Amino acid sequence: MKSAGGTLLVLIFNGTEVSLAGPETACQGELKAGDGPAKLDLKCRDSSDEYTSGTINQIDGKGLTVKWGSGETSKFVKGAAPVGPPEE
């Protein structure tokens, strides 16, 4: 997805572990699911708080939408997981 500023962001799930990456963004944390909407609790390397907490508002077979604590909403499109080691 592209942020409001036009920066490419990638959201990766590995079980309950979550990573958010972009040219100037590197955050890791966890997915917390309970009775209400699923939440993302991340810590970013640059100590920014723009993407540290988020609520998954919508999820379907095509992707998901996250409303961040900063007020920004991001829509992520589902992509294929890589298979095998990267080619050189």
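It should be emphasised that the depicted structure is a prediction, and the values quoted were computed from it without experimental measurement.

K.L.:
When you look at a nonpolar patch on the surface in this model, what are you seeing that I'm missing?
P.N.:
A cluster of nonpolar residues, L8, V10 and I12, forms a patch on the protein surface that exposes about 250 Å² of accessible area. Turning to its location among the elements, V10 is positioned in strand β1 (residues 10-14).

K.L.:
Explain the confidence of the model for the protein here, please?
P.N.:
Low pLDDT means the predicted coordinates in that region are not meant to be read closely. Chain-level pLDDT for the protein is 85 on average; 84% of the residues reach the 70-or-more range. Of all helices and strands in the protein, the one with the weakest mean pLDDT is strand β7 (residues 73-77) (89), whereas strand β4 (residues 39-44) scores best (95).

K.L.:
Explanation requested: the side chain of T65 in the structure shown.
P.N.:
Summarising the element assignment, T65 is placed in strand β6 (residues 63-68). Classification of T65 as buried rests on a relative accessible area of 14%. When residues no more than four places from it in sequence are discounted, the contact partners of T65 are T55, I56, N57, Q58, T73, S74 and K75.

K.L.:
Whenever I open this one, the state of the cysteines confuses me. Can you help?
P.N.:
Throughout this description, disulfide means a covalent bond between two cysteine sulfur atoms. The tally for this structure, following the rule as stated, stands at one disulfide. A disulfide bridge connects C27 with C44, and the sulfur atoms are separated by 2.0 Å. Between C27 and C44 the disulfide shows an S-S torsion of about 95°. By sign, it is right-handed. Of this pair, C27 sits in strand β3 (residues 25-32) while C44 sits in strand β4; the two residues are 17 residues apart in sequence, bridging distant segments of the chain. Using a relative accessible area of 2% as the deciding quantity, one classes C27 as buried.

K.L.:
Explanation requested: the nonpolar core in the structure shown.
P.N.:
General note: in soluble globular proteins, nonpolar side chains tend to be found buried as a group. Within the largest apolar cluster, 14 residues are counted, with the highest numbers of intra-cluster contacts made by L11, L20, L40, L42, V66, W68 and F76. Secondary structure elements with two or more residues in this core: β2 (17-22), β4 and β6.

K.L.:
Got a minute to help me understand the pattern of salt bridges in this structure?
P.N.:
Any two side chains of opposite charge can pair, on the condition that their charged atoms come close. Per the stated rule, a full pass over the model turns up two salt bridges. The closest approach of N and O atoms between E30 and K32, which form a salt bridge, is 3.9 Å. Judged by relative accessible area, K32 falls into the partly exposed class, the value being 40%. For K32, the salt bridge is made with D41, and the minimal N-O distance between the two is 3.3 Å.

K.L.:
Can you walk me through the pairing of strand β5 (residues 53-60) in this structure?
P.N.:
Consecutive residues of a regular strand have side chains that alternate between opposite faces of the sheet. Sheet analysis places β4 next to β5, joined by three bridges and oriented antiparallel. If you follow K39 over to β5, its bridge partner there is T55. Alignment of β5 against β6, held across six bridges, turns out to be antiparallel. Bridged to T55 within β6 is K67. Taking the residues between adjacent antiparallel strands as the criterion, β5 and β6 are bridged by two residues.

What counts as what
Residues numbered from 1 in each chain as written. Predicted model: local features only at pLDDT ≥ 70, side-chain atom pairs only at ≥ 80, totals over all residues. Heavy atoms only, no water. Patch = residues over 30% accessible without salt bridge, like charges linked within 9 Å, V, L, I, M, F, W, Y side chains within 5 Å. Areas by Shrake-Rupley, 256 points an atom, 1.4 Å probe, with all protein chains shown as cover. Salt bridge = Lys/Arg side-chain N within 4 Å of Asp/Glu carboxyl O. Helix = DSSP H or I, 4+ residues; strand = E, 2+ residues; numbered from the N terminus. pLDDT = per-residue confidence, 0-100. Buried < 20%, exposed > 50% of the residue type's maximum accessible area, 1.4 Å probe, protein only. Contact = heavy atoms within 4.5 Å. Disulfide = S-S within 2.5 Å. Core = buried A, V, L, I, M, F, W, Y, C linked by side-chain atoms within 4.5 Å. Pairing = 2+ DSSP bridges.

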